Amino acid sequence: MHRNSLIRAGAAALCLVAISGRNADAQKRPKMNSITVTAQDFSFEATRRVPAGLARIRFINKGKTLHHAQLLRFTGKHTVKDYVAALKPDAPPPAWASFVGGPNAIVPGKENAVIESLEPGNYGIVCFVDLPDHVPHVMKGMYTDLTVTRAGANNSELPEGDISVDLVDYNFKWSAPLTAGSHRITVTTDASQPHELTVIRLAPGKRSTDVLPWLEKMEGPPPGEVIGGVAGLEKGKAVSVGLVFTPADYVFICFVPDAKDGKPHFMHGMLQEVRIR
């Protein structure tokens, strides 16, 4: 073979390798839709329509207090306005609404994201955080609709996490001990009622016993930073969340009201303190 032919053959081989590599990378990254939710005090600016299938839900907190983006799915033709109208003090949420995850609370100026698969239907994005005056933000108008359509749906599978956690009555069951660094966590609920994963990085010298008293009065410096997690999630669904753990003490906590007595689940012991090194 002539020298020029060898050069052309080598260039073609390199080109094929490059294309093959790009295709391999594309296969590693599942096709997914994108939803962006931006929080203010007290409103959402959010994507209003998205195809069904795997979706990345990005949450940005531009408010001055904690917010989250609780995702609800409604049966029939119900809307988020119907849901808010049906909320009554000391009463369970309407049976036609299910808790399907979403990005959990983060402090002002931060953002986080979850990945989950969405079925076609009517959804709502609401904020149940009640700080600083203990009035749930949803009652201040912090909610919006989301429509998930059949058209353009993808069938990508949820990315596999390097660690998983089951939310049970009333504990967090990890598949392995957490370590410092970046983790993709698969979150599921294994109970007959919704639970959530709220992650708080404690300040040096602070303990889990410092968190709840501060949340009650919000006086003085906070004992830690809320860094995200997964909002209320019912059994039968998995949500993927990426979190970065620096060496510190952490608290995992669930604030969802209990289905039987209405008390937050942390009052039933769903609070776990972990040291990560």
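Rules and cut-offs
- Residues numbered from 1 in each chain as written.
- Predicted model: local features only at pLDDT ≥ 70, side-chain atom pairs only at ≥ 80, totals over all residues.
- Heavy atoms only, no water.
- Pairing = 2+ DSSP bridges.
- Helix = DSSP H or I, 4+ residues; strand = E, 2+ residues; numbered from the N terminus.
- Axes fitted to C-alpha atoms, helices over the stretch in contact; angles between N-to-C directions.
- Salt bridge = Lys/Arg side-chain N within 4 Å of Asp/Glu carboxyl O.
- Buried < 20%, exposed > 50% of the residue type's maximum accessible area, 1.4 Å probe, protein only.

**A word on the sheet that holds strand E6 (residues 97-99)**
Pairing in this open sheet of 5 strands is mixed, and the strands run E3-E9-E8-E5-E6 from one edge to the other. If you trace the sheet from one side to the other, it starts and ends with strand E3 (49-51) and E6, each paired once. The average angle at which neighbouring strand axes cross in this sheet is 30 degrees, direction not considered. As defined by bridge partners, E3 adjoins strand E9 (residues 143-149) across 3 bridges and the pair is classed as parallel. Bridging across to E9, Val-50 finds its partner in Val-148.

**What about the pattern of salt bridges?**
Counted by the stated rule, this structure contains 9 salt bridges. Across the salt bridge formed by Glu-111 and Arg-58, the nearest N and O atoms sit 2.8 Å from each other. One end of the pair, Glu-111, is in strand E7 (residues 111-118); the other, Arg-58, is in strand E4 (residues 53-61), and 53 residues separate them in sequence. In this structure Glu-111 comes out as partly exposed when scored by relative accessible area, which is 43%. Here Arg-73 ties to Glu-119 by a salt bridge, and the two come within 3.6 Å at their closest N and O atoms. On the criterion of sequence distance, the pair formed by Arg-73 in strand E5 (residues 70-74) and Glu-119 in the loop between E7 and strand E8 (121-126) is long-range, its members being 46 residues apart. On the basis of relative accessible area, Arg-73 is assigned to the partly exposed category, the value being 25%.

**Some words on the pairing of E7**
Counting buried positions over the 8 residues of E7 gives 6, a clear majority of the element. Bridging between E4 and E7 involves 8 bridges; their strand directions are antiparallel. Note that in E7 the partner of Ala-55 across the bridge is Glu-116. One ladder, built from 2 bridges, connects E7 with strand E15 (residues 238-245); its direction is antiparallel. Within the sheet, the bridge partner assigned to Val-114 lies in E15 and is Val-241.

**Brief notes about the sheet that holds strand E14 (residues 224-233)**
The strand order across the open sheet built from 4 strands is E14-E13-E16-E17, with neighbouring strands paired in antiparallel fashion. Two strands close off the open sheet at either side, each with one partner strand: E14 and strand E17 (271-276). Pairwise comparison of adjacent strand axes, ignoring direction, gives a mean angle of 15 degrees for this sheet. Sheet analysis places strand E13 (residues 195-202) next to strand E16 (residues 248-253), joined by 4 bridges and oriented antiparallel.

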